[in-house]
Amino acid sequence: PNPNSTQEIVRIEDDRTGLGIETLKRAFLDNLFYIQGKFPAIATLNDYYMALAYTVRDRLFKRWITTAETYGNQKARTVCYLSAEFLMGPHLGNNLINLGIYEQVKQAIEELGLNFEELLEQEEEPGLGNGGLGRLAACYLDSLATLEIPALGYGIRYEFGIFNQRIQDGWQVEITDKWLRYGNPWEVSRPEWAVEVKFGGHTESFTDEHGAYRVRWIPHKVVNGIPYDTPISGYSVNTCNTLRLWSAEAPETFDFDAFNAGDYSRAVQQKMASETISKVLYPNDNLTQGKILRLEQQFFFVSCSLQDMIRILERQGIPLEQFPEKFSIQLNDTHPSITVVELMRLLMDEHGMEWNKAWGITTRSLAYTNHTLLPEALERWPISLFGQLLPRHLEIIFEINRRFLDDVRLKFPDDWERLGRMSLIDESGERYVRMANLACVGSFAINGVAALHTELLKEGVLRDFYEMYPEKFNNKTNGVTPRRFMVLSNFRLANLISRKIGNNWVKHLEELHKLEDFVDDPDFRREFREIKQAIKQDLAVYIKRTTNIDVNPNSIFDIQSKRIHEYKRQHLNALHIVTLYNRIKANPDIDITPRTFLFGGKAAPGYYMAKLIIKLINSIGDVVNRDPDVRGRLKVVFLENYNVKFAQRVYPAADLSEQISTAGKEASGTGNMKFALNGALTIGTLDGANVEIREEVGAENFFLFGLTADEVYAKKVAGYNPMDYYYSNPELKLVIDRIASGFFSHGDANLFKPIVDNLLYGDPYMLLADYQAYVDCQEQVSQAYQDQDRWTRMSILNVARMGKFSSDRSIRDYCEGIWHVQSVPIKLEEYVQENA
Ligand code: 8GP
């Protein structure tokens, strides 16, 4: 300000924007009164949480609205991230970090005599995803906003997210996730932007006024999609992007015929069926079930989102031809791959475009990310079912396929088998639409999520497509956001790091390498170790409170937390526990490094083996935790209801991160990154991003074991026989025999028979082949832990060298390699008052 000027610029400490402690307190109490309708004497914890959430939300709105305005004015090129899952985790703490007001707000709340942590805990997290794929989408939204990239996340507003898990008698029990029960302060509904989505019925062809052949779709039912918007703040920038989730509603004029005919109950049933579409998230991770409702969900959110994009184009006065210049659409796996067909249909049937032009627009707009190599996760829909729900889309698919197969024939003449493999329609038995093939044909870019994964895609499941379109293939190694998974969840470590190297690392994670300068500083190592110790102590208290199990904070915290799946091999971990236990039973005075084995993760409700693995872990725990011979040296704890909120507690407390999938099965993994970033050492196979993590942190700071992906494959081809390992390895045999005998199941030899038989008579994930290498490697871990100073050095180097795995790096790679989109910084007008 000019000191000679009589005009003084004054920031108005508005109650909805001000960041001063007194303003925050006043705003908080005001929201408690006017939004919750409560005064302190009768307010519940949830009322306080809501009042605080609204106070923070108010502070986001100026940024949110300015961001939308700026994008609109500049007609900014925009990334649309289409995903059936967004596993956001709690918003409150994250927004406080991103707005840079965590400390002020904490102080304001405490000055009001309330417990700030308790209020944060109160938030019911939106669990709108299963695991890695959904959480990745959430990390990417965080990075897009932080990098100031215009972006929209599009998905489904499930009324019930991933179920809550209880453990009863060692078994998983599922409880409905009623996350919206107390209202959701982070969303704003936008009924004025509702769209209609058609389903079923039939098609008719006709000739339009220009004599062109056209098709119209006469649907059986129409459902409304209502958008609900959530602001997505970036870290330390003004950008605030939008996550737009669609909720299904029956139209006002639901089934008028039935209603008028007096068939009230049929009319109501129709209404309920429509609203079922966004009712519940399918709780499968890495598996598809082929249910019609799932296809309805996919088409529903895809159609809503595309119509929304076209509305935005129209509003900004951009011609439809420029769709690919305005939008870059990323398909998060094949769940939204019906986009290829729906965009064609909208362009042709609703906007009168001819095929070639529509196809050009479509294929210049779409890019596809593959997240799994597991054949059981590849989506295919029976033709009959598909045609009933989406008759027009099936016609378009046949036409895409006809033209595509002509191209294949030109490039690979007379290769009939290849044609059969690449066809969008699987004709080997019952006919299916192959969604991965559709996504490959309709996209200009196809990427895997880790270097190894992309290579395996090119030589395996997508080999034919790689040979057809090598230029489409590229790798984008996954990343995780250091804001949520360090600054928010591990403030003690984050603060220590910032004291040493400043806080630039939060946005430029590579700067963590500066920590290497301190690895020889004994004071730094001591502080680093004390922090890990304090966090383990906190988790021990939490475990005591929630499970009544005493764990020793000086033991190795050996953690495997992720979805329960055979390919992830939680049961290999269990075999190791039983091995150590057997050693103690054989020699109670054996010298053993104390360990606490922590497991967390949900099993798909219909996945019998996964549920039995949970029961096995708990049953082993029941025996091991109580056996006096063990003398507390081993503890086994299954942590109930693993979700984002809980994960934030778990990663910082880990000494050892279990990343032990059968090589070639885990596309990337992202938990592996969060653990290492928080200073855990990894025991792992050469699978997914483990390969790259090991490259970065150094082989000497990573516990590697097991077959490689090539070796796994070669062994399968050569004829793998798990019995060879069973009979030739007495320690392994004893482990399996103990489980089979009923030792861990009160003498019931039947309970774990499915697991035992699966291992002995097939062992599809080759646990027995990797068993000895794993146990030996675990022995090295125990030895290393004995030397605390060496361990701490390794741990520091892991943190220092994890910079590559920021989701900011991933997003930059996508921006440069696929989206070709630039940042659009957002300037906030100051609130000024001119005093003449
Ligand atoms: C997961 C992969 O299993 C994991 O390795 C990877 O880190 C993550 O995606 C993010 O890329 N895949 C899935 O979660 C998945 O395919 N889920 C669909 C069946 C829902």
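Look a little higher up for the structure.
Residues numbered from 1 in each chain as written. Predicted model: local features only at pLDDT ≥ 70, side-chain atom pairs only at ≥ 80, totals over all residues. Heavy atoms only, no water.

**A look at the overall build of the protein**
A count of helical and extended segments in the protein gives 33 helices and 25 strands. The globule rule puts the C-alpha radius of gyration for 836 residues at 28 Å, and the 28 Å found for the protein is close to it. Here the protein, with 836 residues, has 60% of them falling under the buried criterion. Counted over contacts in the protein with a minimum sequence separation of 6, partners at least 24 positions apart contribute 77%. Summing over all exposed atoms, the protein offers an accessible surface of approximately 32700 Å²; the carbon and sulfur share of this is 50%. (Helix = DSSP H or I, 4+ residues; strand = E, 2+ residues; numbered from the N terminus. Rg over C-alpha atoms; globule rule 2.2 N^0.38 Å. Buried < 20%, exposed > 50% of the residue type's maximum accessible area, 1.4 Å probe, protein only. Contact = heavy atoms within 4.5 Å. Areas by Shrake-Rupley, 256 points an atom, 1.4 Å probe, with all protein chains shown as cover.)

**With respect to the pairing of strand β13 (residues 327–332)**
Successive residues of a regular strand alternate their side chains across the two faces of the sheet. For β13, the tally of buried residues reaches 6 of 6 residues, placing the bulk of the element in the interior. Neither face of β13 is left uncovered, since the one carrying Phe327, Ile329 and Leu331 and the one carrying Ser328, Gln330 and Asn332 both have all their residues buried. Pairing of strand β1 (residues 78–82) with β13 involves 5 bridges; the strand directions are parallel. Following the sheet pairing, Thr78 is matched in β13 by Phe327. (Pairing = 2+ DSSP bridges.)

**Describing the sheet that holds strand β22 (residues 634–639)**
Each strand in a sheet pairs with another by means of backbone hydrogen bonds, the pair being arranged parallel or else antiparallel. Read from one edge to the other, the open sheet built from 6 strands follows the order β22-β21-β20-β23-β24-β25, with strand pairing classed as parallel. Edge strands, defined here as strands with exactly one partner in the open sheet, are β22 and β25 (703–704). Along the sheet face, helix α23 (residues 608–626) touches β21 (595–600) and β22 and points at about 145° away from the line of β22. (Axes fitted to C-alpha atoms, helices over the stretch in contact; angles between N-to-C directions.)

**A few points about the nonpolar core**
If you look at the biggest cluster of nonpolar residues, it comprises 184 residues, and the most contacted ones within it are Phe300, Phe323, Phe386, Phe703, Leu768 and Trp819. Examining the composition of this core, we find that 12 residues originate from one element, helix α9 (residues 292–315), more than from any other. Counting the residues that make up this core, at least three belong to each of domain 1 (75–90 + 125–475) and domain 2 (489–721 + 775–805). For Phe703, the contacting residues outside a window of four places in its chain are Leu656, Leu681, Thr682, Ile683, Gly684, Cys777, Gln780, Val781, Ala784, Trp791 and Met794. (Core = buried A, V, L, I, M, F, W, Y, C linked by side-chain atoms within 4.5 Å. Domains from an automatic or database assignment.)

**Section: the packing of α23 against helix α30 (residues 753–760)**
Following both chains from N to C, one finds α23 and α30 inclined at 110°, their axes separated by 9 Å at the closest point. Considering their axes alone, α23 and α30 lie roughly perpendicular with respect to each other. The chirality of how α23 crosses α30 is left-handed. Each of Tyr608, Met609, Leu612, Ile613 and Leu616 in α23 lies in contact with α30, whose residues at this interface are Pro754, Ile755 and Asn758. Broken down by class, the residue content of the contact of α23 with α30 amounts to 7 nonpolar, 1 polar and no charged. (Parallel < 35°, antiparallel > 145°, perpendicular 65-115°, else oblique. Left-handed = near helix turned anticlockwise from the far one by under 90°. Nonpolar A, V, L, I, M, F, W, Y, C, P; charged D, E, K, R; others polar.)

**Brief notes about the site of the ligand**
Around the ligand there are 19 residues in total, and Asn286, His371, Asn478, Glu666 and Gly669 lie nearest to it. Between an oxygen atom of the ligand and a main-chain N or O atom of Ser668, the distance comes to 3.0 Å. In this structure, Gly669 approaches the ligand through a main-chain N or O atom, which is 2.8 Å from an oxygen atom. Considering the ligand on its own, with 470 Å² of exposed area, one finds that the protein chains cover 97% of that surface. Considered class by class, the residues forming the shell around the ligand number 6 nonpolar, 10 polar and 3 charged. Residues lining the shell around the ligand come from more than one domain, with at least three contributed by each of domain 1 (75–90 + 125–475) and domain 2 (489–721 + 775–805). (Near = heavy atom within 4 Å. Polar contact = N/O pair within 3.5 Å; in protein donor to acceptor, adjacent residues only side chain to side chain.)

**Quick look at the pattern of salt bridges**
According to the stated counting rule, one finds 67 salt bridges in the structure shown. Its salt-bridge partner being Glu22, residue Lys25 comes within 3.4 Å of it at the nearest N-O pair. Within this pair, Lys25 and its partner Glu22 are both found in helix α1 (residues 21–34), separated by 3 residues, close to a single helical turn. Lys25 gets classed as buried once you look at its relative accessible area, which sits at 14%. With a shortest N-O distance of 2.6 Å, Lys536 and Asp655 are connected by a salt bridge. (Salt bridge = Lys/Arg side-chain N within 4 Å of Asp/Glu carboxyl O.)

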